[in-house]
Amino acid sequence: MSRMMGDYRGKGLGLALKIANHRQLEPKGTDFTGLVSWVDRNDLAMRAINQQLGYQSLELCQIVEKQG
Ligand SMILES: CC(C)(COP(=O)(O)OP(=O)(O)OC[C@H]1O[C@@H](n2cnc3c(N)ncnc32)[C@H](O)[C@@H]1OP(=O)(O)O)[C@@H](O)C(=O)NCCC(=O)NCCS
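Since the structure is predicted, the reported quantities are computational estimates derived from the model, not experimental observations.

Would you mind showing me how to read the site of the ligand here?
Taken together, 16 residues are adjacent to the ligand, and Met-4, Arg-9, Gly-10, Gly-14 and Asp-43 come closest. One nitrogen or oxygen atom from the side chain of Arg-9 is found 3.3 Å from a nitrogen atom belonging to the ligand. Interatomic distance of 2.6 Å between a side-chain N/O atom of Asp-43 and a nitrogen atom of the ligand. In the complex, the protein chains occlude 61% of the 950 Å² of accessible area that the ligand would expose alone. One can see that the ligand is located within the largest pocket.

Given below as structure tokens:
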């Protein structure tokens, strides 16, 4: 999901977009039992949305980078 700009925030659009995304994934003859998503630990709005949709934290991962 790309970054939503200020005026559009707080209107439930993030939740609506993620639900629409889930609907696109509805199985068409495919059998799956779950979805995996990931989110920045500091992204509290997205974490709240994920929680509303029933996602449960599996683990916190850390991404590291070495420059140069
Ligand atoms: C994630 C994002 C798209 C959500 O936008 P949005 O739909 O306007 O989100 P909202 O402001 O409606 O917040 C969604 C929920 O999080 C809650 N929330 C928002 N900020 C919060 C905070 N700081 N702490 C706790 N909960 C928070 C809201 O209360 C809302 O829950 P509610 O419906 O029960 O009230 C937007 O915050 C964004 O663009 N973030 C930038 C980072 C990004 O793109 N993240 C996606 C990575 S996959």
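Mind showing me how you'd approach the layout of surface pockets here?
Any space left empty among the atoms is revealed by the rolling of a water-sized probe across them. Of the pockets and cavities examined, the largest pocket occupies roughly 1,600 Å³. What lines the largest pocket is a set of 40 residues, among which Trp-38, Val-39, Asp-40, Met-46 and Asn-50 lie closest to the centre. Of all the secondary structure elements, the ones that give two or more residues to the lining of the largest pocket are helix 1 (13-24) and helix 2 (44-52). Ranked by residue count, the leading element in the lining of the largest pocket is helix 2, at seven residues. Considering only residue class, the lining of the largest pocket consists of 18 nonpolar, 13 polar and nine charged.

So what exactly am I meant to see when it comes to helix 2 here?
In an α-helix, one full turn covers 3.6 residues, which means residues spaced three or four apart are oriented alike. Within helix 2, burial applies to Met-46, Ile-49 and Asn-50. Across the axial projection of helix 2, the buried residues extend over an arc of 100°, all falling on one side. In this structure, helix 2 carries Leu-44, Ala-45, Gln-51 and Gln-52 as exposed residues pointing more than 90 degrees from its buried face. Residues of helix 2 that are buried in the fold lie against helix 1.

What counts and what doesn't
- Residues numbered from 1 in each chain as written.
- Predicted model: local features only at pLDDT ≥ 70, side-chain atom pairs only at ≥ 80, totals over all residues.
- Heavy atoms only, no water.
- Near = heavy atom within 4 Å.
- Polar contact = N/O pair within 3.5 Å; in protein donor to acceptor, adjacent residues only side chain to side chain.
- Areas by Shrake-Rupley, 256 points an atom, 1.4 Å probe, with all protein chains shown as cover.
- 1 Å grid on protein atoms, 1.4 Å probe; cavity = no way out; pocket = protein on both sides within 12 Å on 5 of 7 lines; lining within 4 Å.
- Sits in = over half its atoms within 2 Å of the grid points.
- Points joined across faces, edges and corners; volume = space filled by probe spheres on them.
- Helix = DSSP H or I, 4+ residues; strand = E, 2+ residues; numbered from the N terminus.
- Nonpolar A, V, L, I, M, F, W, Y, C, P; charged D, E, K, R; others polar.
- Buried < 20%, exposed > 50% of the residue type's maximum accessible area, 1.4 Å probe, protein only.
- Arc of directions from axis to C-beta.
- Contact = heavy atoms within 4.5 Å.

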